[in-house]
Amino acid sequence: MNSLSLHQFSTSTVLLLMFAFYGGTYLLTLGIRKKKEDADAYMVSNHRIGFGIGAASMTATWIWAASFYAAATSGYTYGVSGPIHYGLWGALMILFIYPFGRRFRKLAPNAHTLGELIHARHGSSSQLILALSNVLGSVISLMVNFTAAGALVSVLSPLSFQAGVIIAGVGVLLYTLWSGFRASVMTDFAQLVALMAIAVVIIPAVFFAMGGPSELVAGLDNLTAEQADFFSMDAILNQGAPFFVAVLAYAIGNQTISQRLFAVNEEHIKPTFITATIGYGAIVIGLGMIGLMALTLGIQPLDGDMNNLIPQMVSGYLPPVFIALFFVLVIGSLSSTADSDLSALSAIMMADVYGKNIARGKADPKRMLLVGRLTMIIATAVGIVFASFSLDILVMLVFVGALWGAIVFPVIASCFWNRVTNAAFTTSVLIAMITFCVARFEWLPMSGLTALAFEGLASIGGGIIIALMVFGFLGRAAGLIAGVLAMLALLVFATDFLRDYTVLLASLTAYGTSTLVCVVMSLMSSQRFDFDTIGQRVGDYDQAAIPADEDASHGDLAGATR
Amino acid sequence: MTTLYAFYVLIWPALTLGVLVLICRAVLRDRRDARRESRELV
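Residues numbered from 1 in each chain as written. Chains lettered and ligands numbered in written order. Predicted model: local features only at pLDDT ≥ 70, side-chain atom pairs only at ≥ 80, totals over all residues.

Draft legend 1. Representation of the overall build of chain A in the model. Secondary structure summary: chain A contains 25 helices and 0 strands in total. For a compact globule of 562 residues, the expected C-alpha radius of gyration is about 24 Å, and chain A comes in at 24 Å, within 12% of that figure. The dimensions of chain A, computed from C-alpha atoms along their principal axes, are 70 × 65 × 40 Å. Of all 562 residues assigned to chain A, the portion counted as buried reaches 59%. (Helix = DSSP H or I, 4+ residues; strand = E, 2+ residues; numbered from the N terminus. Rg over C-alpha atoms; globule rule 2.2 N^0.38 Å. Buried ≥ 20, exposed ≤ 12 C-beta atoms within 10 Å, placed from the backbone.)

Below is the structure:
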């Protein structure tokens, strides 16, 4: 069997499934709805979310529809190690941000966004750079998730792509609009339970339906030597390495993660992040195994589209009820990420844009809520339009990737090193963006001294990635040693080699340039920052809005917040 | 070899099940704590 067709649902079945899913989710949010929501809770709940809800929300948010398709594609393309090289690094993105997250939370326990912390540390320009990167990331994520809904609906039913996009967009907006982040985390739990339960059933069901372990082992003869090798260099260089480079950038550049970081009870940050890491890895690698199964069986993806692999396998080996479960699995995963993106975007517009830059110390919580809700409506409309017209977002993706890479060092250094200045932050990011573009779009020919210079910057970038990862868990000395060793190794092995891998060269150059400029400018500064002032400058908006005579106990915080 | 590959494929849904049970138990505990302290779950 090498060509499996897709099961087709009737229009009414798909509509029933979608309305049942979004209707049920909406009903769930009615239980937590308040007539008068407060602005702080709309962004981060009460800063005391428990371990269970926190871990569920973190896992559900990080799993989006593309996780399954890309993991299966990786398994199908790179063979035995393929699912690991997708899921492991995606999972480690959650884990590696945890030590830095604890620092963020310690500095600004009442923050709603990472941008607020950076605003308190540096001021508006650095904060807005971070906010811009977060906004672009969430808009792209929204569009990708709505696109996945449209694609799924159109391949499994007679309904059009646009119909799927619109139902998903409106459905997500409907249950998130009123209660914001609170609705997002509450529904994340239910969505995660559904998608985990379905994954637990579907993976072994497909595995045994296709013939079980003996059939899989027999099918290994169909694999190339690289695909059969668990330590395949092809898989490492093409799938693992680019993900590894992005591990810190994705987590820093993503407000959905920092929002949960500021919402979870401080005592539970560690178990929350570790559980989410294991949960994400297990689900995504497990579903990636279906791609490996398809490869061993010699299945050809329908119409050459790798995204059809999992639906094909489920359609080919399991009864229709499992296709319906798979449908719910994908809708659940894309909806949980999309509602988190809406909450993230609303928090950025409420706190970073309105609270810190428009109201400037006189933020009205009611107006903040209005800003948040309007942001959700506009973001959903933008996501639906971008997805419906299948707009080419490649340039935006490239730009956001570069921005995320460029801000990693300045953001982390700003929270640990008291000499980093606003000018060093802003200048380093801007120069890093320029050098990124030079390398990525080959504005200069990558040969001779130019190529050597860029490979040098990229080596610094590689070194700093390793240094930051080790620093997060083992401290400054270990981080420094590991970073220097990694940089030296890269200088030896990357010279005259990395210039041929434009994307990797450009990404590492962004890290290296921003680090170099930020360090040099900071060392030239005589400024010393007192980190204790951050906690005083970042506070709750609703409490701050209570007049002093009504709540004298909050007077100090209110004054500091404004 | 067969056993090894069976383990390699099936360990992930098993881990998923473990995390699912852990999260569900933790949410029940969160709910109990929230009720005891007369506050909302989220």
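Draft legend 2. Structural detail: helix H12 (residues 233–252) of chain A. All names here are of chain A. Over its 20 residues, H12 extends 28 Å from the first C-alpha to the last, a length consistent with the 28 Å expected when each residue adds 1.5 Å. Of all the bends in H12, the largest measures some 45° and sits at alanine 246. Within H12 the residues assigned to the buried category are Ala235, Gln239, Gly240, Val245, Ala246, Val247, Leu248, Ala249, Tyr250, Ala251 and Ile252. (Expected span 1.5 Å × (residues − 1). Bend = angle between axes of the 7 residues up to and from the residue.)

Draft legend 3. View of the packing of helix H3 (residues 51–62) of chain A against helix H14 (residues 269–297) of chain A. Residues and elements named next belong to chain A. As a packed pair, H3 and H14 sit with axes 8 Å apart at the nearest point and diverge in direction by 40°. With respect to their mutual orientation, H3 and H14 come out oblique. Crossing geometry of H3 relative to H14 is assigned as right-handed. Residues Phe51, Gly54, Ala55, Met58, Thr59 and Trp62 of H3 form the contact with H14, whose participating residues are Pro271, Thr272, Phe273, Thr275, Ala276, Gly279 and Tyr280. (Axes fitted to C-alpha atoms, helices over the stretch in contact; angles between N-to-C directions. Parallel < 35°, antiparallel > 145°, perpendicular 65-115°, else oblique. Left-handed = near helix turned anticlockwise from the far one by under 90°. Contact = placed C-beta atoms within 7 Å.)

Draft legend 4. How the structure looks around the domain arrangement of chain A. Residue and element names in this part refer to chain A. Domain annotation for chain A reports domain 1 (11–40 + 50–391) and domain 2 (410–529). For domain 1 and domain 2, the distance between their C-alpha centres works out to 29 Å. Taken together, the contact between domain 1 and domain 2 spans 19 residues of the former and 18 residues of the latter. Taken together, the elements giving at least two residues each to the side of domain 1 that touches domain 2 come down to helix H5 (82–107), helix H6 (114–121), helix H7 (124–156) and H12. For the side of domain 1 that touches domain 2, the per-class residue count stands at 13 nonpolar, 4 polar and 2 charged. (Domains from an automatic or database assignment. Nonpolar A, V, L, I, M, F, W, Y, C, P; charged D, E, K, R; others polar.)

Draft legend 5. The arrangement of the environment of proline 301 of chain A in detail. Residues and elements named next belong to chain A. Here proline 301 shows up in the loop between H14 and helix H15 (309–317). Proline 301 sits 12 residues away from methionine 313 along the chain, and the two C-alpha atoms are 9.6 Å apart. Residue contacts for proline 301: discarding those within four places in its chain leaves Met306, Asn308, Leu309 and Gln312.

Draft legend 6. Spatial organisation of the confidence of the model for chain A. All names here are of chain A. Scored by pLDDT, chain A has a mean of 91; 96% of the residues are at 70 or more. Considering each helix and strand of chain A separately, the mean pLDDT is smallest for helix H25 (residues 555–561), with a value of 34, and largest for helix H8 (residues 161–176), with 97. Here residues 551–562 is a poorly scored stretch, pLDDT under 50, and it has 17 contacts once near neighbours within four places are set aside; other chains count. (pLDDT = per-residue confidence, 0-100.)

Draft legend 7. Broad picture of the nonpolar core. Residues and elements named next belong to chain A. In terms of nonpolar packing, the biggest core is built from 210 residues, with Ile94, Leu287, Ile290, Met293 and Met313 touching the most fellow members. A domain split of this core shows at least three residues from each of domain 1 (11–40 + 50–391) and domain 2 (410–529). For leucine 287, the contacting residues outside a window of four places in its chain are Phe68, Ala71, Ala72, Ala199, Ile203 and Ile310. (Core = buried A, V, L, I, M, F, W, Y, C linked by C-beta atoms within 7 Å.)

Draft legend 8. Region of interest: the interface of chain A and chain B. Between chain A and chain B, the residue contacts involve 33 residues of the former and 24 residues of the latter. In terms of residue count, helix H9 (residues 181–209) of chain A provides more of the side of chain A that touches chain B than any other element does, 12 residues in total. Tallied by class, residues from the side of chain A that touches chain B come to 25 nonpolar, 7 polar and 1 charged.

Draft legend 9. Region of the structure containing H5 of chain A. Residues and elements named next belong to chain A. Relative to the 38 Å expected for 26 residues at 1.5 Å per residue, H5 spans 39 Å between its end C-alpha atoms, a close match to the ideal helical length. Considering bend angle alone, the principal kink of H5 is centred on tyrosine 98 and spans about 40°; proline proline 99 follows within four residues of it. With 19 of its 26 residues buried, H5 lies for the most part within the structure.

Draft legend 10. The environment of leucine 452 of chain A, seen in detail. Examined against the element boundaries, leucine 452 of chain A turns out to sit in helix H20 (residues 448–474). Between the C-alpha atom of leucine 452 of chain A and that of arginine 499 of chain A, which follows or precedes it by 47 residues, the distance is 8.4 Å.

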